[in-house]
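A structural walkthrough
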Amino acid sequence: MNISVLRFYLILLILNFFIQIISNTCVYAISVKIIVHPEIQDSLSANDIRNIFLGKKTQWENNQRIRFVLFTEETTYRSFITYYVRKTLYQYRNYWRKKVFTGTGMMPVMFNSSSQCIDYVNRTQGAISFVPATCNVPNDVKEIILN
Amino acid sequence: MIIRQALSFFLLFTFVCIKPDANALQYKNIHIHGFISQGYMISDRNNYLADSHGGTLEFNDAAINFSRQLYPNFHIGCQLYTRDIGDVGNNKIEIDWAFADFRMTDLVGFRLGKIKIPHGLYNETRDIDMLRTFIFLPPVYYDISRSTINALNGVDIYGNYQFETIGNIEYQILNGVKRIETDSGWSRYMERRGMDITRFESGYTGCGKLTWSPNIEGLRLGVTNIFFDINADAETNQFPLSAQYRIDGPDLRYQLSNFNIMVNYVEYTLQEMIFAAEYMTFRGDLVIKTLSSEMEPIVFNVPIKTDALYLSMTYRLKNNFEIGGYYAVFWPDASDKNGKLQTQDYIGWHKEAAICFRFDITNSIAFKTETHLIDGGALMMPQDNPDGVEQRTALLLLKLSYSF
């Protein structure tokens, strides 16, 4: 086997590697709805959502403190973080662990049941969370509209 | 000693009693997190950071932190940290960080206490093994520098702002003082130049960090800068200034002024793949003054001009398996990259290629194995290699970490 054939195989291998990465781009069906406390504004931008769940945006427009809650059922959690926060679940967990181990933040509040999330959002001023799209949300919790 | 035993016992208790996937402990409203790791390293020629030639287990660290949210925008916390790597650390417990954090608005927040210093992308998390792929970070974060750039006592002003058009800007400005112990890694670095440090004095320290995340998904760029001065007394028998000159005999006082470490960095995340590159410049004026009572002091000025860079890539292949590699270069004297002024040319550089495999046994337990091929002796300590430093070294590292 001569050098040019080897080189050809090497190029194919590298191309294959990158094609695999691109094809692994998971387009998650966004089967989640974002819910907020009834007194919160009706709409948010994608950047707002991302910054809220990264702890960078900490106040609503009326200066009320934002309290976000994570719903940790695997499928919903993964699709929300991938689509809205633009990180993998592993990267997102590490992002918060970094804050914990440098003292610059505390782990977010987490629930593994949608009813707990809804209940928390309902009774906590400034709260925001997400639940599966199929989940019935009571009228006293507001669903957010994305700009 | 009692505190050390108590901490060891607590960590051991935690390790044994908590389920392997534990997230955190909580006592009332106090959140408790920690980690413990044990490593092994072996090298074929030079000893690197420890007595690695014959293989060593003198390579461990552990930490435990306590935090409490007092108000929605105000929390306090502290972390105790201990480590042993060769002659450094020796499992002495130190306060790694301890501060109060008040986030007034998104744009402005304040921290007061002992705060981690921003230096490049990863200095604040340099001790936390499970947050990264690699066991050893590249020489931009070389181990001996830890004591100098780990944390300071002072005030931190920080914040971020989201611009619609250009993206997110984060900033951090720290001002304070820092203390360097005489048995720190910095002392070991000066020891290689023939100085046995007897007293350290460091005054004002200032740092800044600016990170820009433009509207290109996964990209962030930034710069960090650290300024400070060090005064030190040292005993010396022989201090080599270069291949041609040396100071014999009298003790020294040295002053490192206008000390400035700048790191420019870029990181790009594409799905499970992360590319990072950093370039560090370390500048300062080293003024050495002899301290002999029998003769007039002689003053030498030695400009410090050190550069380091690396390129790295990590890729998470599966949920629990990750690979990574980097290539790094360190020049202790950037004006002599070919080592022409050194006794042996390869003392003038340190070039390193590393490849790492990380396996997450559970969400809390990680095992890593890493190989380094090193060319050059710039970061090999002569005191670890009394028979002389060889040009090439291969290093194998293994590390097991548990965190909660």
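Residues numbered from 1 in each chain as written. Chains lettered and ligands numbered in written order. Predicted model: local features only at pLDDT ≥ 70, side-chain atom pairs only at ≥ 80, totals over all residues.

The number of helices and strands found in chain B is 3 helices and 19 strands. Within the span of chain B, comprising 404 residues, buried residues form 42% of the whole. Long-range contacts, defined as pairs at least 24 residues apart, comprise 60% of the intrachain contacts of chain B with a sequence gap of at least 6. (Helix = DSSP H or I, 4+ residues; strand = E, 2+ residues; numbered from the N terminus. Buried ≥ 20, exposed ≤ 12 C-beta atoms within 10 Å, placed from the backbone. Contact = placed C-beta atoms within 7 Å.)

What follows concerns the overall build of chain A. Helices and strands together make up the secondary structure of chain A, namely 5 helices and 7 strands. Of the regular secondary structure in chain A, the N- to C-terminal order runs α-β-β-α-β-α-α-β-α-β-β-β. The burial tally for chain A puts 31% of its 147 residues in the buried class. Residue pairs in contact within chain A that sit at least 24 positions apart in sequence constitute 67% of those at least 6 positions apart.

Turning our attention to the nonpolar core. Counting 66 residues, the largest nonpolar core has B:I117 and B:F330 as its most contacted members. Among the elements that make up this core, the one with the highest residue count is strand β13 (residues 252-270) of chain B (6 residues). B:I117 has contacts with B:N123, B:I149, B:N150, B:A151, B:L152, B:L174, B:C207 and B:I226, leaving out every residue within four places of it along the chain. A:F80, A:Y92, A:V121 and A:I128 belong to the second largest nonpolar core, which has 28 residues in total. (Core = buried A, V, L, I, M, F, W, Y, C linked by C-beta atoms within 7 Å.)

Close inspection of predicted coordinates is inappropriate for parts of the model with low pLDDT. When the pLDDT values of chain B are averaged, the result is 86; 88% of them are 70 or greater. Scoring of the predicted complex yields 0.85 for pTM and 0.86 for ipTM. (pLDDT = per-residue confidence, 0-100.)

Before going further, it helps to spend a moment on the interface of chain A and chain B. Counting residues at the interface gives 24 residues for chain A and 31 residues for chain B. Elements that contribute at least two residues to the side of chain A that touches chain B include exactly α2 (46-53) and α4 (89-102) of chain A. At 7 residues, the largest contribution of residues to the side of chain A that touches chain B is made by α4(A). Grouping the constituent residues of the side of chain A that touches chain B by class yields 6 nonpolar, 11 polar and 7 charged. (Nonpolar A, V, L, I, M, F, W, Y, C, P; charged D, E, K, R; others polar.)

Moving on, we get to the sheet that holds strand β6 (residues 142-143) of chain A. Strands pair in a sheet through their backbones, by hydrogen bonds, and they do so in one of two ways: parallel or antiparallel. Residue and element names in this part refer to chain A. Spatial ordering of the open sheet is given by β4-β3-β5-β1-β6, a layout of 5 strands whose pairing is mixed. The sheet is open, and its two edges are formed by β4 (109-111) and β6, each paired on a single side. Two elements, strand β3 (residues 67-71) and β4, share 3 bridges in a ladder whose sense is parallel. The residue bridging L70 from the neighbouring strand is M110, located in β4. (Pairing = 2+ DSSP bridges.)

Glancing now at the pairing of strand β5 (residues 94-103) of chain B. All names here are of chain B. The pairing of strand β4 (residues 74-85) with β5 spans 8 bridges and is classified as antiparallel. Residue pairing across strands places H75 opposite D101, the latter belonging to β5. The pairing of β5 with strand β6 (residues 109-116) spans 6 bridges and is antiparallel. Counted as the bridge partner of D101 is R111 from β6. As consecutive antiparallel partners, β5 and β6 are separated by 5 residues.

Residue and element names in this part refer to chain A. Mapping C117 onto the fold places it in helix α5 (residues 114-123). Taking the C-beta count within 10 Å as the criterion, C117 has 27 such neighbours and is therefore assigned buried. Between the C-alpha atom of C117 and that of L70, which follows or precedes it by 47 residues, the distance is 7.8 Å.

What follows is about α2(A). Taken together, the buried positions of α2(A) are A:D48, A:I49, A:N51, A:I52 and A:F53. For α2(A), the elements touching its buried residues are β1 (32-36), β2 (43-44), β3, α3 (74-85) and β5 (127-132) of chain A together with β7 (151-163) of chain B. Among the residues trailing α2(A), A:G55 stands out with phi positive, at a value near 75 degrees.

Moving on, we come to the environment of B:G203. Residue and element names in this part refer to chain B. With respect to the secondary-structure elements, G203 resides in strand β9 (residues 195-213). It is 8.2 Å that separates the C-alpha atoms of G203 and R179, two residues lying 24 residues apart in sequence. In contact with G203, not counting residues within four places along its chain, are V177 and D229.

Turning our attention to α5(A). Residue and element names in this part refer to chain A. Within α5, burial applies to S114, C117, I118 and V121. Projected onto a plane normal to the axis of α5, the buried residues spread over an arc of 95 degrees and lie on a single side. Exposed side chains of α5 directed beyond 90 degrees from the buried face belong to S115 and R123. Buried residues belonging to α5 abut β1, β3, β4 and β5. (Arc of directions from axis to C-beta.)

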